[in-house]
Amino acid sequence: MNQSLTVVPNQEHSTTENPVVKQQQLSIKQLIILSVELLLAIPFGLALFHFNFGGIAWIFGGIISGALVFQICRVFYNYSPKPNRAARQVGMMLVGITIGASNAHANLANITAGVPVFVFLTLFLMLCGGCIGYIYSRLSKTNLLTSMLATVPGGVGVMSAIAADYNKNVTLVALVQALRVTSVVFLIPLIARVTNHTSTQPQISSTNQPYSLELLLLVLVISTLAVYIAKLLKVPAAPFFASLLVGITFNPILHWLPLGGDIYFTPPLLIKLLGQTLLGITIGEYWGEKPTFQKRTIGYALISVAMTLAAGVAATLLAMQLTSWDWLTCLLVTAPGGAAEIILVALTLDHNVEIVTAGHVVRLIAINSFLPIWIFLFRHFENKEDRRKTV
């Protein structure tokens, strides 16, 4: 009796090896984690808001939620997720729309007059950042490029991504950057509150505005398209810049149209809070993914952050001598934090948002423009030092 045996390949094994399926599974996990983070951020944000943290409470609620969820995943489920870059981009886009709409009626004359000061302060902070990076490299025995990426006042995600591209210590760069941004976002509202510059509560937009939902959908679609074009053009921090420009120009263009005279777009409260919460969550995720560092490593990181904050204070004093701005405006303009986060602080404090926005936009453009030159110089010095050690 003839019998034939057919070997059927292991379908389960081939499925798990399929990169498309693995990417889908990863996306589902990220979506679940983000949903849990958003749900946890609500009670944390409400609690902090109850204790008079003002609008900035939602950023800190997101930070606590992101760090807590990542720690739970790593400790209880033996799973180490990566920070959700898409969530940060969406958060930056929503924050850009909010800030842009609040700057729609800004006095362009005052902003234009302050551009030379913004450029000078940016160069001063960049020079200080280079010196701090060199000192941090010598103290911590870390290579120059890693130290520069850790101490330059740029974005957490951007600097970490560059460190990964050059095979540097990504976790160390993310640690120092997250520590710096968190410190600045926490200290400035605290200083403002102590000096009676209290944080304002977010204003609830009117629900009687005509076409509010349609306008919101239109702004989101236009912002998404603008972000896509900005990414193609290699614009730095494209989600924030593109949506900021859309938010600034949308209402003037709307009023210029024949049918838009009585229509005015104001970002709903949900959009404001969601943008702040997403920014906070991504910062918290960088905290939550950190492996255990030695006390010495954390100590050196704190020293570098303290030097960066001191450089920000020096820049604040310099700005007070060069301009007629009050000290809080100078502090917000020169604060070495993420642009979106610091402008949000100015927005919640309701304090010269247009000047702070212009200052950080100029600085962000300058830092990203000079970053390739910085990387080239620090890699040159790093290679030169390595050759000297081998000799």
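Another point: the nonpolar core. Most often, soluble globular proteins have nonpolar side chains that are buried together. Counting residues in hydrophobic clusters, the biggest one holds 50 residues, and the most contacted among them are Ile-188, Phe-240 and Leu-332. Counting residues per element, this core draws most heavily on helix H15 (residues 339-349), which supplies 8 residues. Beyond its immediate sequence surroundings of up to four residues, Ile-188 is in contact with Leu-331, Leu-332, Ala-335, Ile-342, Val-345 and Leu-349.

Pairs of packed helices are described in terms of their axes, by the angle between the two and the distance that separates them. Close contact between helix H13 (residues 295-322) and helix H14 (residues 327-334) brings their axes to 8 Å; oriented N to C, the two are set at 130 degrees. As the angle between them shows, H13 and H14 are arranged oblique. The two elements H13 and H14 meet at a crossing, and its hand is right-handed. In this structure, H13 contributes Gly-312, Ala-315, Thr-316, Ala-319 and Met-320 to the contact, and H14 contributes Trp-327, Cys-330, Leu-331 and Thr-334. Residues that form the contact of H13 with H14 fall into these classes: 6 nonpolar, 3 polar and no charged.

Moving on, we come to the packing of aromatic side chains. Applying the stated criterion to the full structure yields 4 aromatic pairs. Ring geometry for Phe-240 versus Phe-241: centroids 6.2 Å apart, planes at 50 degrees, classification tilted. Taken as a pair, Phe-240 and Phe-241 share a single burial class, namely buried. Ring centres of Phe-250 and Phe-265 lie 5.7 Å apart, and the angle between their planes is 75 degrees; on these two criteria the pair is classed as edge-to-face.

Bringing the environment of Phe-381 into the picture now. Position of Phe-381 among the secondary structure elements: in helix H16 (residues 353-390). Spatially, the C-alpha atoms of Phe-381 and Asn-143 are 9.7 Å apart, while their sequence positions differ by 238 residues.

About the cut-offs
Residues numbered from 1 in each chain as written. Predicted model: local features only at pLDDT ≥ 70, side-chain atom pairs only at ≥ 80, totals over all residues. Heavy atoms only, no water. Core = buried A, V, L, I, M, F, W, Y, C linked by side-chain atoms within 4.5 Å. Buried < 20%, exposed > 50% of the residue type's maximum accessible area, 1.4 Å probe, protein only. Helix = DSSP H or I, 4+ residues; strand = E, 2+ residues; numbered from the N terminus. Contact = heavy atoms within 4.5 Å. Axes fitted to C-alpha atoms, helices over the stretch in contact; angles between N-to-C directions. Parallel < 35°, antiparallel > 145°, perpendicular 65-115°, else oblique. Left-handed = near helix turned anticlockwise from the far one by under 90°. Nonpolar A, V, L, I, M, F, W, Y, C, P; charged D, E, K, R; others polar. Phe/Tyr/Trp six-rings, centres within 6.5 Å; stacked < 30°, edge-to-face > 60°.

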